[in-house]
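Chain by chain, the residues:
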Protein chains: 4
Amino acid sequence: MLHPLRIAAVGLGRLGRLHAENLAFHILGVELAAVCSVVLDEVLEARKALGNPAGFMKFDEMLARCPLDAVVLTTPSSLHAGQIEAALNAGLHVFCEKPLATTMAECERAATAVARHPHRVFMLGFMRRYDPSYVFAKQQIDAGAIGRPILFRGYSVDPLSAIEDALKYAPHSAGQFLDMAVHDIDLARWLLKSEPREVYATGGCYAYEEFAKYGDGDNVAALMPFENGAMAFFFAGRTAPHGYNIETEIIGTKAALRINAVPARNRVEILDAGGVRQTCDQHFIDRFGDAYRNELVEFVACIRKERQPEITVADGVAATRIALAATEAFREGGVVGIRD
Amino acid sequence: MLHPLRIAAVGLGRLGRLHAENLAFHILGVELAAVCSVVLDEVLEARKALGNPAGFMKFDEMLARCPLDAVVLTTPSSLHAGQIEAALNAGLHVFCEKPLATTMAECERAATAVARHPHRVFMLGFMRRYDPSYVFAKQQIDAGAIGRPILFRGYSVDPLSAIEDALKYAPHSAGQFLDMAVHDIDLARWLLKSEPREVYATGGCYAYEEFAKYGDGDNVAALMPFENGAMAFFFAGRTAPHGYNIETEIIGTKAALRINAVPARNRVEILDAGGVRQTCDQHFIDRFGDAYRNELVEFVACIRKERQPEITVADGVAATRIALAATEAFREGGVVGIRD
Amino acid sequence: MLHPLRIAAVGLGRLGRLHAENLAFHILGVELAAVCSVVLDEVLEARKALGNPAGFMKFDEMLARCPLDAVVLTTPSSLHAGQIEAALNAGLHVFCEKPLATTMAECERAATAVARHPHRVFMLGFMRRYDPSYVFAKQQIDAGAIGRPILFRGYSVDPLSAIEDALKYAPHSAGQFLDMAVHDIDLARWLLKSEPREVYATGGCYAYEEFAKYGDGDNVAALMPFENGAMAFFFAGRTAPHGYNIETEIIGTKAALRINAVPARNRVEILDAGGVRQTCDQHFIDRFGDAYRNELVEFVACIRKERQPEITVADGVAATRIALAATEAFREGGVVGIRD
Amino acid sequence: MLHPLRIAAVGLGRLGRLHAENLAFHILGVELAAVCSVVLDEVLEARKALGNPAGFMKFDEMLARCPLDAVVLTTPSSLHAGQIEAALNAGLHVFCEKPLATTMAECERAATAVARHPHRVFMLGFMRRYDPSYVFAKQQIDAGAIGRPILFRGYSVDPLSAIEDALKYAPHSAGQFLDMAVHDIDLARWLLKSEPREVYATGGCYAYEEFAKYGDGDNVAALMPFENGAMAFFFAGRTAPHGYNIETEIIGTKAALRINAVPARNRVEILDAGGVRQTCDQHFIDRFGDAYRNELVEFVACIRKERQPEITVADGVAATRIALAATEAFREGGVVGIRD
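Here is a short report on the structure shown in this document.

About the cut-offs
- Residues numbered from 1 in each chain as written.
- Chains lettered and ligands numbered in written order.
- Predicted model: local features only at pLDDT ≥ 70, side-chain atom pairs only at ≥ 80, totals over all residues.
- Heavy atoms only, no water.
- Pairing = 2+ DSSP bridges.
- Helix = DSSP H or I, 4+ residues; strand = E, 2+ residues; numbered from the N terminus.
- Axes fitted to C-alpha atoms, helices over the stretch in contact; angles between N-to-C directions.
- Contact = heavy atoms within 4.5 Å.
- Least-squares fit on C-alpha atoms with pLDDT ≥ 70 in both.
- Parallel < 35°, antiparallel > 145°, perpendicular 65-115°, else oblique.
- Left-handed = near helix turned anticlockwise from the far one by under 90°.
- Nonpolar A, V, L, I, M, F, W, Y, C, P; charged D, E, K, R; others polar.

A few points about the sheet that holds strand S2 (residues 30-36) of chain D
All names here are of chain D.
Working step 1: Read from one edge of the open sheet, 6 strands run S3-S2-S1-S4-S5-S6, paired in parallel fashion. At either margin of the open sheet sits one strand with a lone partner, and together these are strand S3 (54-56) and strand S6 (122-124). Neighbouring strand axes in the sheet, compared pairwise and without regard to direction, differ in orientation by 20° on average.
Working step 2: When S2 meets S3, the two strands line up parallel, connected through 3 bridges. Bridge pairing links Val35 to Gly55 in S3.
Working step 3: Helix H4 (residues 77-89) contacts strand S4 (70-73), strand S5 (93-96) and S6 of the sheet and is inclined by roughly 160° relative to S5.
Working step 4: The sheet contacts of helix H10 (residues 284-305) involve strand S1 (5-10), S2, S4, S5 and S6, and relative to S5 the element is tilted by about 160°.

Topic: the relation of the copies chain B and chain A
Working step 1: When chain B is brought onto chain A, the operation consists of a screw motion whose angular component is 180° and whose axial shift is 0.0 Å, with 0.0 Å RMSD remaining. In short, the pair behaves as if placed about a two-fold rotation axis. Looking at the rotation axis and the C-alpha trace of chain B, the residue lying nearest is Arg277 of chain B, at 1.9 Å.
Working step 2: Comparing interface residues between copies, 93% of those in chain B also lie at the interface in chain A; the contact surface is shared.

Describing the relation of the copies chain C and chain A
Working step 1: When chain C is fitted onto chain A, the two copies agree to an RMSD of 0.0 Å after a turn of 180° and an axial shift of 0.0 Å.
Working step 2: An overlap of 100% is found between the interface residues of chain C and their copies at the interface of chain A, pointing to a shared contact surface.

Quick word on the packing of H4 of chain D against helix H5 (residues 104-116) of chain D
Residue and element names in this part refer to chain D.
Working step 1: Axis separation between H4 and H5 bottoms out at 9 Å; the angle between their running directions is 15°. The orientation of H4 relative to H5 falls into the category roughly parallel. Seen from above, H4 lies across H5 with left-handed handedness. Counting all contacts with H4, which are made through Ser78, Ala81, Gly82, Ile84, Glu85, Leu88 and Asn89, the residues of H5 involved are Glu106, Arg109, Ala110, Ala113, Val114 and Arg116.
Working step 2: Across the contact of H4 with H5, the residue classes break down as 6 nonpolar, 3 polar and 4 charged.

So this is what it looks like as structure tokens:
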């Protein structure tokens, strides 16, 4: 039997806590060696519930004092680059939640750090690539089933039922293109195998004027032509009436694929006075619970087998660059070119 | 141009009125020559709205006095046999609503009359055979697409939204097997190309005890093995929560077909706090409007081309025999054999 | 009984022939008085099949010699303005297929003619407004069910199975925004109750390079912000793998509506080795047969009741203006303003 | 931290192996202490892959020599009663796969053993009760959402793609009512909260005559009235054309619930020349992977908290009694009473 990998979960918000739980119980060959959060209660709760890992409130102190093999970063995006750098310099493998960073300078800083440590595994949390439905779609596309891709359409809309959380988080958000659409941007690049040339964006505050204060809308959209001629349409928002609405479509010359057109919570249809309906997922963990686990399994496999994951730091740099261009197009109007 | 066929609409309830309107306006080569109903107001309204055809309150008087080529009977089932006989004897073609009759004696009377007039067209109103979805299913089955048929499942359930009408009609109903399931019985015979051997039935009054007074339930079911080994399951009722629920499934060794699993009112999906839903048809005319027209088009074509329709009087006799056996099984318990 | 309206069907291609047949047989109070086409065989066939109306190969000759109340124009778009003018000057009511015209000058010519004849009914063939599903959606929206509209998404894609026809027609096409997306442009204006401010478009030839010769693509897309803040995304094409794909979505702050996400040919699901599927409509008449009839019923009702239809010539002018702006954006790149 | 429960996985066929893997890696507070199979290779493979638990080929030897807290039995049904008895007598908690046993005598033997050990947890593997969709349905029903239950419909049909396995297994099968429909029988009792009074059954060999040798069919059906008046229709088979087809419907006076009408493999729709389709699950583990884990989590929770699970040995006795009655009705014809 192999020595278990000692991994720290850094950041213990809802998603960070899930990663910590997966590391503690559901990923083979792993030991949740430490948890780290600036919120003391989160540290205490996690230690109690997750088998008593070491607890820290300061990232640097954890690196200095706790023997670790890897870190899983679910911290605010503005901290990513520095923490990636520090962890790699400390000899650790790094899994980092998306987005890589919210400025190009920070992205470059992270990319440079990763380039300097080619023998450390670096992986970014574009978990959709590890969701069974997207894996299936990717296989179909790679096998030529859809022919030449024409249009990618990606919707990422948080449920109206979660609007209170979204409003609280608004001041810390980098805007919807970076927060929400960045997943679709990654999917589009992955599925279209090409890069966008330029972007036109629009949107606004349709129900919650508060987002305007931060240069954001509650719903935004963008259209981008890609180098290979394919088109991509992105819609991101905070007010999906029915649930956590992650819908993706890719239309090709031979076939089209549609993923999650109905974000059904389960396999039950209800037939009543309102008609025939399915109730819907209300939270990203309901939809992507398996994907969040699968990506950590892959991260661990990469460490064990000394290989790099499919998702590289360059994917993170590109996604942020594109999301920033879309944000600029949304704020300033007009068409914004996307250059490497 | 051909001389228009002079057709009388007999019975002007909701379905009779629809037949009359189709004859008046929507079937080529036809003239609505007369309307007949024991309800004076119905006669007056139809004359006014449908181009002033002759109006009668007595069937025999109409036959005696009005020059006609054919009659369309939408009268109480207990009158069918006598009216079929009288109309055929008067030299007319006859279209008769289902069921043919509610007793075997009356069925035989009708069948004998039809047999005596081989040059008159006789057609029974099993309109589902003229609905585009059932036509498609029949073609698939006849082409061998489903392989050998294993199970026919037929649901015919009136919507809860129409329960008031059902309760009013209850004293005149011949029971749900004859009133509702008779359509499914015809479909099963048509699609399975075989006859049932015996029947076991059950059911009861789940919401409306009133139906028990008439030896009926508000929801009933029956299971029948067929001569060719196939099985048929029938469910008929009055309380479908979501709408007019005519669902049919035929499972074969190579494929299965499911018809109208969601009785959608239109092509709209509503995404709201309740989930993702489609609203449903609430009335048989919403579902089968086209089929009701198509069957009259076929009736007229048979007259013009001097051929008999696919649906014969024998289909009506068989459907009533089977429905009566199911009714007996429901009332008496145990298994009831079905013999020619 | 009223004197039947004498209506001429002008243009006898597939849709023109359908209008002629509806006028001949399926619209009450109407007489198909004449048919007119530059193709002699079409005139002869229509006369024979549709009850021997008068036949013409020249529009002006028909106006001069045939007593008429109205014309239904299904002619090439470049002829619309002149024919509208001539027919109105001849005292006739006019129903004209979309688009109103393919240049703004021609649109103005038509609008001026219509303005000069306020007592003649003028109606444009945006038949989707008369499709039961769109009628339902409009009612929901007008009743406030979706809250404030955020995003309109309209797909209008001809089936790959009809590509041969599309290639033949390509030299005469005004491009996909005017040919296909014009219906979605009308829907967006109708459902959003606002006008677009500007347009960004992209697309190309993904499977059939031939369309490039005509400054067109085989698939194109456009994104438009509207005056009221709502967004509209349009996708039009010629290569839908599964069928005639007219899908519309309107997302609001309270609910979203999705129309025809699966363009099912009928109510049958097929369960076989490939999974569970529905087969799809392959032709616009399969999808919109009822709407084509309903719009003519409305046209006739407007004439009878001396009122104007909801769809005015201004709707035709606006739709062409917007489609032309989208075409320019597609051809030239960048953002194109849309001004009255 | 609690001492981990030492559990043995007995029987290492496909499902037994899954239970073993869940015990080894995915259930907190558990140690896979031993594996036991009469197939040496299975023991060796499991020991190697699952963390080197003790390995046995004889159940009694394992009980005698290996310190254990509980066993999970996935052995042939004919061995269940004896193994349950032996394990309980050895002081162990017992989880046993369905069916409890294939004869009433064996059922009684198991029930007696369980009754004699009230402080040992005994649980039967009706895993569907732990599937999220069924849990949701149960909650809806218990909350009164469907009103009074009218009809339960349960389909359990193995996929045609697995027919080779089914044919190999046929000589050991207790027939489809015990092998397949027993799950639906349990669901019906659970959801209807009542017991069936009698059963009528039919069916046959539609594609694979081999099953007749064992008094079985490749597809069978049964109809049962329940004490509370509700009806239940069961369909079990081996030849579902599209996939592993576990579909359940429960129709009430206020609403109906339909579970898994499309056994979709994932959230992808494919739009191609065949129409719009979803591919389907081909294996019970694809469909019920989570439920198999959840039930073991519950088993462990019962042991820890010293309570009994919802599923009792009486549920196993009842399900076998009903399945045997259905089998008799299928083989002998007529109606078979079901008595306690």
